[in-house]
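# Analysis of the macromolecular model
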Amino acid sequence: MKWTRTTITTTPEQIEELAAVLVARHIEAFEIFNPVEQNQLLDEGEWDYIEEGLMYQGPAHIRFYLDEENAAFLTHGLAEAVAHLGEAEIVDVEDDWTDAWREYYKPFRIGERIIIRPHWEEYAPQNNDVVFTIDPGHVFGTGQHQSTALCIQMLEKHVAGGERVLDIGCGSGILSVIALLLGAEHATAMDIDPAATKMATTNAELNRISADRLTTVHGNLLTDPILANGKFDIIVANIIADVIIALAPIVKELIAPGGRFIMGGIIDERGADVEKALEEAGFTIDEQMTQDGWVTYYASVLY
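Residues numbered from 1 in each chain as written. Predicted model: local features only at pLDDT ≥ 70, side-chain atom pairs only at ≥ 80, totals over all residues. Heavy atoms only, no water.

## A few points about the overall build of the protein chain
Put simply, the test is: In DSSP terms, a helix is any run of H or I states spanning at least four residues, a strand is any run of E spanning at least two, and both are numbered starting from the N terminus. Any two residues having at least one pair of non-hydrogen atoms within 4.5 Å are treated as being in contact. Every accessible area reported is derived by Shrake-Rupley at a probe size of 1.4 Å, with residue values counting cover from the shown protein chains alone.
Looking only at helices and strands, the protein chain has nine helices and 14 strands in total. Across the protein chain, the fraction of contacts at a sequence separation of at least 24, relative to all contacts at a separation of at least 6, is 69%. Accessible surface computed for the protein chain: about 14,800 Å², of which carbon and sulfur atoms make up 48%.

In structure tokens:
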């Protein structure tokens, strides 16, 4: 099977921002090499002796692999998009290990009730488990990234049942489908990439969500007058800080009275900028969660 390997060389200071850009493009399964963290681990460890050559002096990088189906659209324009952060090298590779990772991809829990289950693994639900089934061979939106996991935990806490949900930048549709599995009445999954909305439909079918409960929309909420008349009880956007800042006043007009806005994909360093934009747009932050340098907000509109 043919794969595309992408390596983006950057600096340790820019590694988190680069990771956020990839997540916004629905690329979550990647390897991060940060020499600062590696050298810190070596320096702080209780070693009798450290080989001088182990202390790495080179650049940081992020690397990920895509199959042919996903590489065509996920890497389109990627080099230009990350040019301010580093240099991307994209090469074709072929190997026989492409399915070996399945042995290690097992069902895992997020929060108290959500189970992410690859479709080839069996899982017997316990108590009130909510099981989301996915084909993680499609790399965008697998639930493994911290920002996605934080948004899932927010949905778990705040979907009470019967809500109308809008998922902006839906990727695989993981947030839309999990909201529906938690009891939301209807979800609208929106993305600028038509392949993402197609995958959201596929994942809804994998989870036996009826077609009338999920609507997919291909478009850009920042530039297209779509959903102008929609009102949603929960709006979720797992993107990046700059897009969320631009979306804040638009989202306010789409939230029903008493509705909430869940935002993810924000690195700690941009948290203050997002908080300021929310305040200026008329939101109040009711809750926030953090994990490994990522922050997710839960906000309401001040009426």
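That was the structure; now back to the text.
## As for helix 8 (residues 241-254)
Since the α-helix turns once every 3.6 residues, residues separated by three or four places project in the same direction. Using the following cut-off: In this scheme, a helix's expected span is set at 1.5 Å multiplied by one less than its residue total. Throughout, bend refers to the angle between the axes fitted to the seven residues that end at a position and the seven residues that start at it.
Its 14 residues give helix 8 an end-to-end C-alpha distance of 19 Å, which sits within 8% of 20 Å, the value for a rise of 1.5 Å per residue. At alanine 248, helix 8 is deflected by roughly 50°, the largest bend along its length, and proline proline 249 occurs up to four residues later in sequence. Contacts made by the buried residues of helix 8 are with strand 8 (164-168), strand 11 (232-238), strand 12 (255-267), helix 9 (271-281) and strand 13 (283-291).

## Side note on the sheet that holds strand 7 (residues 130-134)
Threshold: When DSSP finds two or more bridges between two strands, those strands count as paired. Fitted lines through C-alpha atoms give the axes, limited to the stretch in contact for helices. The angle between two N-to-C directions lies from 0 to 180 degrees.
Strand order in this open sheet of three strands is 5-6-7, and the pairing throughout is mixed. Sheet topology places strand 5 (108-110) and strand 7 at the edges, where each strand pairs with a single neighbour. Between one strand axis and the next, the sheet turns through 30° on average, direction left out of account. Alignment of strand 6 (residues 114-118) against strand 7, held across five bridges, turns out to be parallel. Bridging across to strand 7, isoleucine 114 finds its partner in valine 130. In the packing of helix 5 (residues 146-158) onto the sheet, the strands contacted are strand 5 and strand 6, and the crossing angle to strand 5 comes to about 60°.

## A closer look at the packing of helix 8 against helix 9
Condition: When describing relative orientation, an angle under 35 degrees is termed roughly parallel and one over 145 degrees roughly antiparallel, while 65 to 115 degrees is termed roughly perpendicular and anything else oblique. Crossing handedness follows the turn of the near helix against the far one: under a right angle anticlockwise gives a left-handed crossing, and clockwise gives a right-handed one.
Following both chains from N to C, one finds helix 8 and helix 9 inclined at 15°, their axes separated by 9 Å at the closest point. Judged by the angle between their axes, helix 8 and helix 9 are roughly parallel. Crossing geometry of helix 8 relative to helix 9 is assigned as right-handed. Across the interface between the two elements, Ala241, Ile244, Ile245, Ala248, Pro249 and Lys252 from helix 8 touch Asp273, Val274, Ala277, Leu278 and Ala281 from helix 9.

## Side note on the sheet that holds strand 8
Pairing in this open sheet of seven strands is mixed, and the strands run 10-9-8-11-12-14-13 from one edge to the other. Every other strand in the sheet has two partners, leaving strand 10 (214-218) and strand 13 as the edge strands with one partner each. Each neighbouring strand pair of the sheet contributes to a mean axis angle of 15°, computed without reference to strand direction. By the bridge criterion, five bridges tie strand 9 (residues 186-191) to strand 10 in an arrangement that is parallel. Bridging across to strand 10, methionine 190 finds its partner in valine 217. Helix 1 (residues 15-24) rests against strand 12 and strand 14 (294-301) of the sheet, and its axis sits at about 130° to strand 12. Across the sheet, helix 7 (residues 194-206) is in contact with strand 9 and strand 10; its angle to strand 10 comes to roughly 170°.

The analysis is restricted to geometry; functional conclusions fall outside its scope.
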